[in-house]
Amino acid sequence: MKHQEYMIGDISAITGISRDTLRFYEKKGILASRKKANGYRYFTEEDLYRLVHIYFFRKLNLDLDTIGELLDFAPMDPDYQGTLCRQVTEELEAIAFHKQALSRLLSIKKIYESMEECLNQFHLAPFPQSRILCTLDSPAKGLSQWFSLSRKHPGLDMAYLYDCYQYQSGFSLAAPDSGPDKEQSYETDLTYSHTLLLLYDDVAKLLDPDYDLSGCEPTPPSSCIHTVMEADSSKPPASLITAMRQWALDQGLIPSPQVFSTANFSRICQNGAAYCQEIFVPVFVNKSK
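Residues numbered from 1 in each chain as written. Predicted model: local features only at pLDDT ≥ 70, side-chain atom pairs only at ≥ 80, totals over all residues. Heavy atoms only, no water.

A. Examining the overall build of the protein more closely. When you go through the protein residue by residue, the secondary structure sums to eight helices and 14 strands. Here the protein holds 289 residues, and the buried ones make up 35% of them. In the protein, the proportion of contacts linking residues at least 24 apart, taken out of those at least 6 apart, comes to 69%. Accessible area of the protein: about 18,500 Å², with a carbon and sulfur share of 54%. (Helix = DSSP H or I, 4+ residues; strand = E, 2+ residues; numbered from the N terminus. Buried < 20%, exposed > 50% of the residue type's maximum accessible area, 1.4 Å probe, protein only. Contact = heavy atoms within 4.5 Å. Areas by Shrake-Rupley, 256 points an atom, 1.4 Å probe, with all protein chains shown as cover.)

B. A look at a negative patch on the surface. On the surface, a cluster of negative charge is made up of Asp63, Glu69, Asp72, Asp79, Glu90 and Glu93. Among the elements that take part in the negative patch, helix α5 (residues 78-118) stands out by supplying three residues, more than any other. Relative to the assigned elements, Asp63 resides in the loop between α3 (45-59) and α4 (64-70). (Patch = residues over 30% accessible without salt bridge, like charges linked within 9 Å, V, L, I, M, F, W, Y side chains within 5 Å. Salt bridge = Lys/Arg side-chain N within 4 Å of Asp/Glu carboxyl O. Lys, Arg positive; Asp, Glu negative; His and termini not counted. Charge placed at Lys NZ, Arg CZ, Asp CG, Glu CD.)

C. Representation of the pattern of salt bridges within the structure. Evaluated as defined, the whole model comprises six salt bridges. In this structure, the salt-bridge partner of Glu113 is Lys109, at a minimum N-O distance of 2.7 Å. Taken as a pair, Glu113 and Lys109 lie in helix α5 at a separation of four residues, close to a single helical turn. Relative accessible area serves as the criterion here: at 48%, Lys109 is assigned to the partly exposed category. In this structure, the salt-bridge partner of Lys141 is Asp137, at a minimum N-O distance of 3.1 Å. The class of Lys141 is partly exposed, set by a relative accessible area of 45%. The exposure class assigned to Asp137 is exposed, which follows from its relative accessible area of 51%.

D. Unusual backbone geometry, seen in detail. Backbone geometry places Asn61, a non-glycine residue, at a positive phi of 70 degrees. If you trace the backbone, Asn61 turns up in the loop between α3 and α4. Look at Asn61 and you get exposed, because its relative accessible area is 52%. A positive phi angle, near 60 degrees, is found at Asn120, a position not held by glycine. Residue position: Asn120 is located in the loop between α5 and β4 (123-126).

E. Expanded view of the sheet that holds strand β3 (residues 41-44). Spatial strand order, β1-β3-β2: three strands in an open sheet with antiparallel pairing. Each edge of the sheet is formed by a strand with only one pairing partner; in this case those strands are β1 (5-6) and β2 (34-35). Note: β1 against β3, two bridges, orientation antiparallel. Each bridged residue has a counterpart across the sheet, and for Tyr6 the counterpart in β3 is Phe43. Its contacts with the sheet place α3 against β1, β2 and β3, and it is angled at close to 70 degrees to β3. (Pairing = 2+ DSSP bridges. Axes fitted to C-alpha atoms, helices over the stretch in contact; angles between N-to-C directions.)

F. Molecular detail of helix α6 (residues 139-152). With 14 residues, α6 should cover 20 Å at 1.5 Å per step; its first-to-last C-alpha distance of 20 Å lies within 8% of that length. Those residues of α6 that sit buried are Gly142, Ser148, Leu149 and Ser150. Here the buried face of α6 lies against β5 (130-136), β6 (160-168) and β9 (189-200). (Expected span 1.5 Å × (residues − 1).)

G. Focus on the nonpolar core. Within the largest apolar cluster, 29 residues are counted, with the highest numbers of intra-cluster contacts made by Phe127, Leu133, Tyr162, Leu197, Leu199 and Phe260. Contributions of two or more residues to this core are made by α5, β5, β6, β9, α7 (201-204), β10 (223-231) and β14 (272-285). When residues of this core are assigned to their parent elements, the largest contribution, five residues, is made by β9. Setting aside anything within four residues of it in sequence, one finds Leu133 in contact with Leu149, Leu156, Ala159, Leu197, Leu199, Tyr211, Leu213 and Cys216. In this structure, Tyr6, Ile17, Leu51 and Ile54 belong to the second largest nonpolar core, which totals 19 residues. (Core = buried A, V, L, I, M, F, W, Y, C linked by side-chain atoms within 4.5 Å.)

H. Spatial organisation of the pairing of β9. Note: β5 against β9, six bridges, orientation antiparallel. By the bridge assignment for β9, Ser130 is matched with Tyr200. In this structure, β6 lies alongside β9, joined through nine bridges in antiparallel fashion. From the neighbouring strand, Gln166 faces β9, where its bridge partner is Thr191.

As far as function goes, none of this settles anything; it's purely spatial.
Put into structure tokens, the structure is as follows:
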């Protein structure tokens, strides 16, 4: 029985694979044509079956070198099974990576969308539900720890650095019947306290299950005054915190002296650093009213 012969154009029309791709497969050694006496090259039905396997393996996201190896193995061969198992592991890792990438994109998208709405505006918002990965005594140590954890554990690069401050109100004191030189003035001040490395709960759900967060304390539930601002410093201006606190008092709320600020969305431009800060000041209900 005479075997059917196919020119490269016939193969391309049947399979939908371009001639250039077929020639590339030949160059890689996973497909081979035969040369007739007249110089024309042709393929057989066996080559069509081989292309079925190549097409199938490509759908498994296998590279051409691996496909070339698998084409010579029987399905029950240990090397064949081992290759498939390795590919399953790689695909699961890729899925985890893409889930984390998607979480990053959605988180950043959500934050950027809220920035325009919240920019230079005060409103009430809950502090993000988070786990405290560690507490540091300087912003520089916080940055160093962020890099350290990010290298060791996939997903922890999505942790946020929050600098924590204590607010002190400005006031003046003067003794009775004393002159101006006896007056003592105290300026409003914002004193750095510590830095928190936080992992938001919605991000933590996407981490490798082998990463243990049980020892990481959750941030306590807290209603806050929240705003977004751009500045040339990572430290919020005391005047802004004063305005936030006054806004809270006008709403019948008692502001905490604590201030939490993250500048994770800062940028470096020609004129220097531009810090885009998210600022939270916890508040309590004034029960006396």
